[in-house]
Amino acid sequence: MAVLTYREALNRAMTEEMEKDPNIFLMGEEVGHYEGAYKVSQGMLAKFGERRIIDTPISENGFAGVGIGAAMVGLRPIIEFMTWNFSLVAIDQIINSAAKMNYMSAGQFPIPIVFRGAGGAGGRLGAQHSQSFESWYAHIPGLKVLAPYTPSDAYGLLKTSIRDNNPTIFIESEVLYGSKGEVPEGEFSIPMGKSDIKREGTQLTIISWSRALMYVLPAAEKLAKEGISVEVLDLRSIRPLDEEGILASVRKTNRALIVEEGWNVAGFGAQVAYLIQKEAFDYLDSPVERITQEDVPMPYAANLEKSSLPSEEKIIKKVREMIK
């Protein structure tokens, strides 16, 4: 297998799909001549030209709307937000146009569009640039929401998203762009709605996705040295959700801890916890628990930012309490 960075895997997925389908184009701020704010589109302008790699003004509401209109007439846009924090400017277009158009037109206007870009906290970027919005977008019927962790998952799920005829919210943690992982040489895709067991275990299931797995997997390794066997389930797909995968793991381990980078109140983990207590209540040996970001705007100071986020220490402490 090839070892690629997260950004290289995304680049490869987009490039391969654009080579096969001339209706696909990439549009967003600095995606062309600057080659992307996080260099995800590096080399693509030279390969595909300005008609298909389109630099935009700082106008998320405008170019999101242009992309939706293009999708309505048969093109397949990829819209890059420099950060998902900026998608708030375009949220009316995403929710009231992209998510609803196919339904409101009785299927006359499928919307094959991917909205993608950096999400979650970075590193000392402040409260306005450090927010996780997967629960917001998962709340909306008509949108699909993905949040991959590994380069391989990012590649396979982005290809699936580009080929899908529905609007997809594709959230890439900005701290993962430089992370490396094995990606199979040949072309492949990963179906939406299918979770992945990143680590097998027997005593407790930790359910997580995206950047939070940076804390979960090392914590599981340390707990194993204490004789505590933790299963790590990476959702990857937030909507559609792999309900059977979640329930199968919890029924095996009899305990569930949900770890997410977003806030606690109305976070997506609450939906997962509801599913578990509704469908697997009799299998539980302890209450479902959650670890989230602290319920504050993200601090700027490095020590406070670290304290606000989930951590290995918080996870290990909570698992010990649950296993007692």
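What you see is a predicted model; the values in this text were computed from it and never measured.

J.: Can you help me understand the overall build of the chain in this one?
T.: Along the chain, the regular secondary structure elements total 12 helices and 14 strands. Relative to the globule expectation of 20 Å for 324 residues, the C-alpha radius of gyration of the chain, 20 Å, shows essentially globular dimensions. Across its three principal directions, the C-alpha atoms of the chain cover 60 × 45 × 40 Å. Counting across all 324 residues of the chain, residues that qualify as buried make up 57%. Considering only intrachain contacts with a sequence separation of at least 6, the fraction spanning at least 24 residues in the chain is 81%. As presented, the chain carries roughly 13,500 Å² of accessible surface, and 53% of it is formed by carbon and sulfur atoms.

J.: Explanation requested: the sheet that holds strand β10 (residues 204-208) in the structure shown.
T.: Two modes of strand pairing occur in sheets, parallel and antiparallel, and in both the strands are linked by backbone hydrogen bonds. Strands sit in the order β9-β11-β10-β13-β14 across an open sheet of five strands; the sheet is mixed. Bordering the open sheet on either side are β9 (196-199) and β14 (289-291), each of which pairs with just one other strand. On average, each strand axis in the sheet is inclined to that of its neighbour by 25 degrees, with strand direction left out of account. Bridge count for β10 against strand β11 (residues 230-234) is five bridges, and the pairing is parallel. The residue of β11 that forms the bridge with L204 is V230. Packing of helix α8 (residues 213-225) onto the sheet brings it into contact with β9, β10, β11 and β13 (256-259), and relative to β11 it is tilted by some 165 degrees. Against the sheet, helix α9 (residues 243-253) makes contact with β10, β11 and β13, and its axis sits at roughly 155 degrees relative to β10, the strand it touches most.

J.: It is not clear to me how the side chain of E16 should be interpreted in this structure. Could you clarify?
T.: Of note, E16 is situated in helix α1 (residues 6-20). A polar atom in the side chain of E16 sits 2.5 Å from the side chain of Y155. Ignoring anything within four residues of it in the chain, the contact list for E16 reads Y155, K159 and E187.

J.: What exactly am I supposed to notice about the sheet that holds strand β7 (residues 168-173) here?
T.: Pairing within the open sheet is mixed, and its seven strands lie in the order β3-β2-β4-β5-β7-β6-β12. Of all the strands in the sheet, the pair left with one neighbour each is β3 (53-55) and β12 (237-239). If you compare each strand with its neighbour and ignore which way they point, the axes differ by 20 degrees on average. Pairing of strand β6 (residues 144-146) with β7 involves three bridges; the strand directions are parallel. Bridged to L146 within β7 is F170.

J.: Help me understand the domain arrangement of the chain, please; the structure alone is not making it clear to me.
T.: Interfaces are often sized by the amount of accessible area the parts lose when they come together. Annotation of the chain at the domain level lists domain 1 (2-183) and domain 2 (196-323). One C-alpha centre belongs to domain 1, the other to domain 2; they are set 26 Å apart. On the domain 2 side, the residues contacting the 30 residues of domain 1 number 26 residues. Overall, the association of domain 1 and domain 2 removes approximately 2,300 Å² of surface from exposure, summing both partners, and the carbon and sulfur fraction of that is 58%. When the area that domain 1 buries against domain 2 is broken down by residue, the three leading residues are R124, A147 and Y149, summing to 27%. Inspection of the domain 1/domain 2 interface yields two salt bridges. Two residues, D153 and R236, come together in a salt bridge whose shortest N-O distance is 3.0 Å. Taken together, the residues of the side of domain 1 that touches domain 2 break down into 15 nonpolar, 11 polar and four charged.

J.: What am I meant to see in the UniProt feature "domain: Transketolase-like pyrimidine-binding" (unreviewed entry) in the chain here?
T.: In the numbering adopted here, UniProt assigns the feature "domain: Transketolase-like pyrimidine-binding" (unreviewed entry) to residues 4-179. Secondary structure over residues 4-179 splits into 36% helix and 18% strand, and the C-alpha atoms at its two ends are 8 Å apart.

J.: How should I be thinking about the packing of aromatic side chains in this particular structure?
T.: Within a pair of aromatic rings, the relevant descriptors are the distance that separates the centres and the angle that separates the planes. With the rule as written, the count across this model stands at nine aromatic pairs. Aromatic pair W209 and F268: ring centres 6.0 Å apart, planes at 85 degrees, arrangement edge-to-face. Residue W209 is found in the loop between β10 and α8, and its partner F268 is found in helix α10 (residues 268-279); the two are separated by 59 residues along the sequence. In terms of burial, W209 and F268 fall into one category: buried. We note R12 situated over the ring of Y155; from NZ or CZ to the ring centre the distance is 4.4 Å. A cation sits over an aromatic face here: K39 above Y34, 3.5 Å from the ring centre.

J.: For this particular structure, what's the right way to read the packing of α9 against α10?
T.: If you want to describe how two helices pack, look at the angle between their axes and the distance between the axes. One can describe the packing of α9 onto α10 by two numbers: an axis separation of 10 Å at closest approach and a directional angle of 60 degrees. As the angle between them shows, α9 and α10 are arranged oblique. Seen from above, α9 lies across α10 with right-handed handedness. Residues E243, I246, L247, V250 and R251 of α9 lie in contact with α10, whose contacting residues are V272, L275, I276 and E279. Residue classes in the contact of α9 with α10 are distributed as six nonpolar, no polar and three charged.

Cut-off values and rules
Residues numbered from 1 in each chain as written. Predicted model: local features only at pLDDT ≥ 70, side-chain atom pairs only at ≥ 80, totals over all residues. Heavy atoms only, no water. Helix = DSSP H or I, 4+ residues; strand = E, 2+ residues; numbered from the N terminus. Rg over C-alpha atoms; globule rule 2.2 N^0.38 Å. Buried < 20%, exposed > 50% of the residue type's maximum accessible area, 1.4 Å probe, protein only. Contact = heavy atoms within 4.5 Å. Areas by Shrake-Rupley, 256 points an atom, 1.4 Å probe, with all protein chains shown as cover. Pairing = 2+ DSSP bridges. Axes fitted to C-alpha atoms, helices over the stretch in contact; angles between N-to-C directions. Polar contact = N/O pair within 3.5 Å; in protein donor to acceptor, adjacent residues only side chain to side chain. Domains from an automatic or database assignment. Buried area = accessible area lost by both parts, 1.4 Å probe. Salt bridge = Lys/Arg side-chain N within 4 Å of Asp/Glu carboxyl O. Nonpolar A, V, L, I, M, F, W, Y, C, P; charged D, E, K, R; others polar. UniProt positions renumbered as here; feature names shortened; annotations may be inferred. Phe/Tyr/Trp six-rings, centres within 6.5 Å; stacked < 30°, edge-to-face > 60°. Lys NZ or Arg CZ within 6 Å of the ring centre and 35° of its normal. Parallel < 35°, antiparallel > 145°, perpendicular 65-115°, else oblique. Left-handed = near helix turned anticlockwise from the far one by under 90°.

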